[in-house]
Protein chains: 2
Amino acid sequence: MTTQSQGLHTHVLDTLGLEISSGQCPPGSVLRTDELAQRFDVSRTVIREVIRVLESMHLVESRRRVGVTVRPTETWNVYDPQVIRWRLAGADRPRQLRSLTVLRSAIEPVAASLAARHATAEQCAELTERALGMVATSRGQQLEGYLEHDIAFHRIVLNASGNEMFARLGDVVAEVLAGRTHHQVMFEDPDPAAVTLHVRLAEAVREGDPEAAERITKEIAVGALHELDVLAP
Amino acid sequence: MTTQSQGLHTHVLDTLGLEISSGQCPPGSVLRTDELAQRFDVSRTVIREVIRVLESMHLVESRRRVGVTVRPTETWNVYDPQVIRWRLAGADRPRQLRSLTVLRSAIEPVAASLAARHATAEQCAELTERALGMVATSRGQQLEGYLEHDIAFHRIVLNASGNEMFARLGDVVAEVLAGRTHHQVMFEDPDPAAVTLHVRLAEAVREGDPEAAERITKEIAVGALHELDVLAP
DNA sequence: GCCTCTTGAATAAGTCGTACCTAATGGGTT
DNA sequence: AACCCATTAGGTACGACTTATTCAAGAGGC
């Protein structure tokens, strides 16, 4: 059986990763490499490589004579974009979205403040462009276009902060925004207040006003958290 | 050559990971699995498993007919504790410590604020205990003991925040604190002001005062950043 | 008789070597 | 310039062997 395009490894990894993060294989349960090889109809070689990757994400632990044990949630590398994707696709997406949004609300204001100090002219220009793009797509069911601008906007801010750790959170934010748009039921157009705030943030960064940038970003974060409270359990 | 105790895989992974993150194998350089197998005197199987793990960390990219290419720094999973450890052990430790400390300064105040709301009696008790431990070891060259209390203290705050993403940053903070103590030259006892702030933070959390907890944690962060400016280039 | 310690067989992961498949590449041909 | 083919290096498979753990049975001491 060779149905996938991108290699056996990828398919098996994705399937197992999803099963584990979604709780189908609860912590403590044991997998056997031979069984997995049979189940996926691949060689043990492939399985072992997958297990090693899952092990590096601290999702499982492999011990001789006992098998591959699923580790408790607390040890997982929850910052791994792959893990985040799996978890957002799984059962506890709401909880996941919430903790990620809280993370954003801590990071992004500081990042925006730094961006107001360090952003290049180029970054300011693209930021404004993206903000205008958000305005343009904020009405009339253009959710996908809006999402694209939104992701790009936040990515620029994080990059412009000049801090590597912030910059690398761009992928995480992208996953959160995408998850919100796609999985959360969003019939309506985005909140006009949020759109305005993005425009104002672009201005604050362009004018090099760290305090304003931080304050505005905090407002955006509050809005995002509020939105979760309204739509989720 | 079989010097390691914990498996060939671990040894090879650690060596290669370190070499890549320290810039010895600059982005764009190509590794060949056969060569690596020869070099480490292990089978290609082991090398392949290692490569797969490095690939999952986005440190390398494996393509047919071309080999294993080291990817540019921007794509690395810099939140992977393993990667952090490698980078802190490598050449650009100062830069790394700085960006991680900025990250802390964004996260920990928010975490402390949440901890003041959600901490259990148990957590408050252990927090106070650790603060006292820091006081007790703050004089007389007991750096290792101090470090242990410091790490535990911050870990409790992050855990008590109730946010999973914050909690999982405990390892990162631990690496930063350990790196600061071990690699940065710290002849002297810790800053007495910092010790006092930790005691006050424990109080603020115990008394359920989010604003105070956030403010005090910001002061701790400012101190840590200042310390870096003084000691590093 | 019950408990502890030792010993040994069973087990599943770890490692190895080889053989073969497949895709990307680069050069040579038309 | 477009096409084709040999080469190359990773991808996959299989089978044999090694080693750490575990668990249980048996020996010894209380």
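Residues numbered from 1 in each chain as written. Chains lettered and ligands numbered in written order. Predicted model: local features only at pLDDT ≥ 70, side-chain atom pairs only at ≥ 80, totals over all residues. Heavy atoms only, no water.

Thoughts on the interface of chain B and chain A
And then number 1: Residue-level contacts link 32 residues of chain B with 31 residues of chain A.
And then number 2: Carbon and sulfur atoms make up 59% of the area that chain B and chain A hide from each other, which totals about 3,000 Å².
And then number 3: Sorting the residues of chain B by area buried against chain A places Tyr79(B), Met165(B) and Arg168(B) first, and these three jointly supply 24% of that buried surface.
And then number 4: At the junction of chain B with chain A, the criterion picks out six salt bridges.
And then number 5: For Glu164(B), the salt bridge is made with Arg87(A), and the minimal N-O distance between the two is 3.1 Å. (Contact = heavy atoms within 4.5 Å. Buried area = accessible area lost by both parts, 1.4 Å probe. Salt bridge = Lys/Arg side-chain N within 4 Å of Asp/Glu carboxyl O.)

Quick word on unusual backbone geometry
And then number 1: For His58(A), which is not a glycine, the phi torsion comes out positive at approximately 60 degrees.
And then number 2: Here His58(A) is to be found in the loop between helix H3 (44-56) and strand S2 (60-63). (Helix = DSSP H or I, 4+ residues; strand = E, 2+ residues; numbered from the N terminus.)

Quick word on the protein's contact with DNA strand C
And then number 1: As a structural note, the neighbourhood of DNA strand C is formed by 22 residues, with Thr33(A), Arg48(A), Arg65(A), Leu8(B) and Arg63(B) the closest of them.
And then number 2: Each atom of DNA strand C within 4 Å of the protein belongs either to a base or to sugar and phosphate, the latter forming 70%.
And then number 3: Here a phosphate oxygen of DNA strand C sits 2.5 Å away from a polar atom, N or O, in the side chain of Arg48(A).
And then number 4: Residue Arg52(A) places a side-chain N or O atom 3.3 Å away from a phosphate oxygen belonging to DNA strand C. (Near = heavy atom within 4 Å. Polar contact = N/O pair within 3.5 Å; in protein donor to acceptor, adjacent residues only side chain to side chain.)

Concerning the side chain of Ser138(A)
Residue and element names in this part refer to chain A.
And then number 1: Along the chain, the position of Ser138 falls in the loop between helix H6 (121-136) and helix H7 (143-160).
And then number 2: Of the polar contacts made by the side chain of Ser138, one reaches the backbone oxygen of Val135; its length is 2.7 Å.
And then number 3: Sequence-distant contacts of Ser138, that is, excluding residues within four places in its chain, are made with Tyr146, Asp189, Pro190 and Val195.

Describing the pairing of strand S3 (residues 67-70) of chain B
All names here are of chain B.
And then number 1: Where strand S1 (residues 30-31) and S3 come together, two bridges link them in antiparallel fashion. Residue pairing in the sheet places Leu31 in a bridge with Val68 of S3.
And then number 2: Here strand S2 (residues 60-63) pairs with S3 via four bridges, running antiparallel. Residue pairing across strands places Ser62 opposite Val68, the latter belonging to S3.
And then number 3: The loop that links S2 with its antiparallel partner S3 comprises three residues; one of these, Arg65, has a positive phi angle of about 65 degrees. (Pairing = 2+ DSSP bridges.)

Structural notes on the sheet that holds strand S3 (residues 67-70) of chain A
Residue and element names in this part refer to chain A.
And then number 1: With antiparallel pairing, three strands are arranged side by side in an open sheet as S1-S3-S2. Looking at which strands have only one partner, the edges of the open sheet turn out to be strand S1 (30-31) and S2.
And then number 2: Running at roughly 125 degrees to S2, H3 makes contact with S2 and S3 of the sheet. (Axes fitted to C-alpha atoms, helices over the stretch in contact; angles between N-to-C directions.)

A word on a negative patch on the surface
And then number 1: Together, Glu203(A), Glu207(A), Asp209(A) and Glu211(A) make up a negatively charged patch on the protein surface.
And then number 2: Inspection of the secondary structure puts Asp209(A) in the loop between helix H10 (192-206) and helix H11 (210-231). (Patch = residues over 30% accessible without salt bridge, like charges linked within 9 Å, V, L, I, M, F, W, Y side chains within 5 Å. Areas by Shrake-Rupley, 256 points an atom, 1.4 Å probe, with all protein chains shown as cover. Lys, Arg positive; Asp, Glu negative; His and termini not counted. Charge placed at Lys NZ, Arg CZ, Asp CG, Glu CD.)

Side note on the relation of the copies chain B and chain A
And then number 1: Each copy superposes on the other: chain B lies on chain A with an RMSD of 0.1 Å after a rotation of 180 degrees and an axial shift of 0.0 Å. As the rotation angle and translation indicate, the two copies are arranged about a two-fold axis.
And then number 2: A shared binding surface is used by both copies, with 97% of the interface residues of chain B retained as interface residues in chain A. (Least-squares fit on C-alpha atoms with pLDDT ≥ 70 in both.)

Some details on the sheet that holds S2(B)
And then number 1: An order of S1-S3-S2 (chain B) is seen for the three strands of this open sheet, with the pairing classed as antiparallel. Taken across any chain shown, the strands that pair with only one partner, and hence form the sheet edges, are S1 and S2 of chain B.

Topic: the domain arrangement of chain A
And then number 1: Each domain of chain A was delimited in the assignment, giving domain 1 (8-75) and domain 2 (92-231).
And then number 2: Spacing between the C-alpha centres of domain 1 of chain A and domain 2 of chain A amounts to 35 Å. (Domains from an automatic or database assignment.)

Notes on the pattern of salt bridges
Residue and element names in this part refer to chain A.
And then number 1: Going through the model one piece at a time under the given rule, you end up with 32 salt bridges over all chains.
And then number 2: The salt bridge involving Asp229 is made with Arg98; its shortest N-O contact spans 2.7 Å. Of this pair, Asp229 sits in helix H11 while Arg98 sits in helix H5 (residues 93-118); the two residues are 131 residues apart in sequence, bridging distant segments of the chain.
And then number 3: A relative accessible area of 48% places Asp229 in the partly exposed class.
And then number 4: A salt bridge links Glu108 to Arg104; the nearest nitrogen and oxygen atoms lie 2.5 Å apart. Here Arg104 and Glu108 lie together in helix H5, a separation of four residues that amounts to about one turn. (Buried < 20%, exposed > 50% of the residue type's maximum accessible area, 1.4 Å probe, protein only.)

Some words on the environment of Ile47(B)
Residue and element names in this part refer to chain B.
And then number 1: Structurally, Ile47 can be placed in helix H3 (residues 44-56).
And then number 2: As for Ile47 and Leu8, which are separated by 39 residues in sequence, their C-alpha atoms are 9.4 Å apart.
And then number 3: With sequence-adjacent residues up to four places away left out, Ile47 is seen in contact with Val12, Thr33, Leu36, Ala37, Phe40 and Val42.

Here's the deal with the environment of Leu177(B)
Residues and elements named next belong to chain B.
And then number 1: You can see Leu177 is positioned in helix H9 (residues 170-182).
And then number 2: Residue Leu177 is classed as buried on the basis of its relative accessible area of 1%.
And then number 3: Excluding its chain neighbours within four sequence positions, the residues that come into contact with Leu177 are Arg104, Leu147, Asp150, Ile151 and His154.

A word on the protein's contact with DNA strand D
And then number 1: Residues in close proximity to DNA strand D total 22 residues, the closest being Arg63(A), Arg65(A), Thr33(B), Arg48(B) and Arg65(B).
And then number 2: Backbone atoms, meaning sugar and phosphate, make up 69% of the atoms of DNA strand D lying within 4 Å of the protein.
And then number 3: Within the contact set of DNA strand D, a phosphate oxygen lies 3.5 Å away from a side-chain nitrogen or oxygen of Arg52(B).
And then number 4: Within the side chain of Arg64(B), one N or O atom sits 2.9 Å away from a sugar or linking oxygen of DNA strand D.
And then number 5: Of all the secondary structure elements, the ones that give two or more residues to the surface near DNA strand D are helix H1 (8-21) and H3 of chain A together with H3 and S2 of chain B.

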